Amino acid sequence: MTDVSRRDALFSTPLDQVTDFSFDERVVDCFPDMIRRSVPGYAQITSMAGVIAARHLSPGAHILDLGCSLGASTLSICQRLGPEAFTLQAIDLSQPMVDKARGLLAQQAPEHRIEVLQGDIRDCPLPRAGMIMVNFTLQFLDPSERDQVIQRLYDALMPGGVLLLSEKILGEPGQESLLIDLHHDFKRANGYSDLEISQKRTALEDVMIPDRLSTHHERLAHTGFTRHDTWFQYLNFASILAFK
């Protein structure tokens, strides 16, 4: 998604107290730069949403983009499929994110039937859908709530529907420290200082709790998905396609 944003400097100076990370106005203002420099593979995953929809979505089906942030996955689908091919609801918990996404999508995909809403995926209404996207969202929920949320998504999917689930992951036993170290090196290579890396890690410590990739697959299988494949991984970030 093309967008003029500020450079992420939220943690560039020493803070007396590092508060919990939240998707407030300051984060929204620099979100594209933050994502580009700190989440390996984000652009590839979101750009593939359109390719996946073109292959698996039935004509006229409904799509849910849950935890939509600024709508990069939604825009990818709009670039691949015409306005009559689908309807879409994009939902995010952060009101500043919703406000910004609504403006960007209205500007860049004005003919498509998109509704951008503020809501919590734990309890917001979920209409029946042929495709559901949940990119880097489950990791911000309490681990005890994740099984129930995946069950909600499964129940909302039409038979034959597809779930695109992307998450930061913990390495499997024996590889945790390697993936963490390489991710920090990735951030340094993209201009983040050790101070920024350390302070942001503290801010996220109690807010974002990743699962192992194997845990995601076990959860999907237990919920009833007939097939679930890891189609992308870059360091400790991965994406799964699950089919109902």
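What you are looking at is a predicted structure, and each value in this text was computed from that prediction instead of being measured. (Residues numbered from 1 in each chain as written. Predicted model: local features only at pLDDT ≥ 70, side-chain atom pairs only at ≥ 80, totals over all residues. Heavy atoms only, no water.)

Ranked by internal contacts, the top residues of the largest apolar core, which has 26 residues, are Leu66, Ile132, Leu153, Leu163, Leu220 and Phe225. Put simply, the parts of the chain that give this core at least two residues each are β1 (61–66), β4 (129–135), α5 (146–156), β5 (157–170), α8 (213–223) and β8 (237–243). Per-element tally for this core: the top contributor is α5, with five residues. Contact partners of Ile132, with chain neighbours within four places excluded, come to Leu64, Leu66, Leu153, Ala156, Leu157, Val162, Leu163 and Leu164. Of all hydrophobic cores here, the second largest spans 25 residues; its members include Ala61, Val98, Ala109 and Val116. (Core = buried A, V, L, I, M, F, W, Y, C linked by side-chain atoms within 4.5 Å. Buried < 20%, exposed > 50% of the residue type's maximum accessible area, 1.4 Å probe, protein only. Helix = DSSP H or I, 4+ residues; strand = E, 2+ residues; numbered from the N terminus. Contact = heavy atoms within 4.5 Å.)

The next point concerns the packing of aromatic side chains. Counted under the stated rule, the structure contains eight aromatic pairs. Ring plane angle 65° and centroid distance 6.4 Å describe the contact between Phe23 and Phe31, whose orientation is recorded as edge-to-face. Taking the relative accessible area as the measure of exposure, Phe23 reaches 27% and is therefore partly exposed. Of the residues examined, Phe31 reaches a relative accessible area of 7% and is grouped as buried. Three or more aromatic residues link up through ring pairs in this structure, and these residues are Phe21, Phe23, Phe31 and Phe140. In this structure, Arg37 is placed above the aromatic ring of Tyr192, and the distance from its NZ or CZ to the ring centre is 4.0 Å. The cationic tip of Lys244 hangs over the ring face of Tyr154; the distance from NZ or CZ to the ring centre is 4.5 Å. (Phe/Tyr/Trp six-rings, centres within 6.5 Å; stacked < 30°, edge-to-face > 60°. Lys NZ or Arg CZ within 6 Å of the ring centre and 35° of its normal.)

What follows deals with the environment of Ser22. Among the structural elements, Ser22 can be located in the segment before α1 (25–38). On the accessibility criterion, Ser22 (37% relative accessible area) is partly exposed. Put simply, Ser22 and Leu241 are 219 residues apart on the chain and 27 Å apart in space, counted from C-alpha to C-alpha.

Our next topic: the UniProt feature "binding site: S-adenosyl-L-methionine" (unreviewed entry) in the protein. In this numbering, the UniProt entry assigns the feature "binding site: S-adenosyl-L-methionine" (unreviewed entry) to Tyr42, Gly67, Cys68, Ser69, Asp120, Ile121, Asn135 and Arg201. Over a stretch of 160 residues, the named residues are scattered through the fold, their C-alpha atoms separated by up to 24.7 Å. Checked against the element boundaries, Asp120 lands in the loop between β3 (113–118) and β4. Asp120 sits in the buried class, given a relative accessible area of 17%. (UniProt positions renumbered as here; feature names shortened; annotations may be inferred.)

When you tally the buried positions in β5, you get ten out of 14 residues, the bulk of the element. Of the pairings in the sheet, the one linking β4 to β5 comprises six bridges and is parallel in character. For Ile132, the partnering residue across the bridge sits in β5 and is Leu163. Read as a crossover between parallel neighbours, the route from β4 over α5 to β5 is right-handed. (Pairing = 2+ DSSP bridges. Right-handed = clockwise from strand over helix to strand, strands pointing away.)

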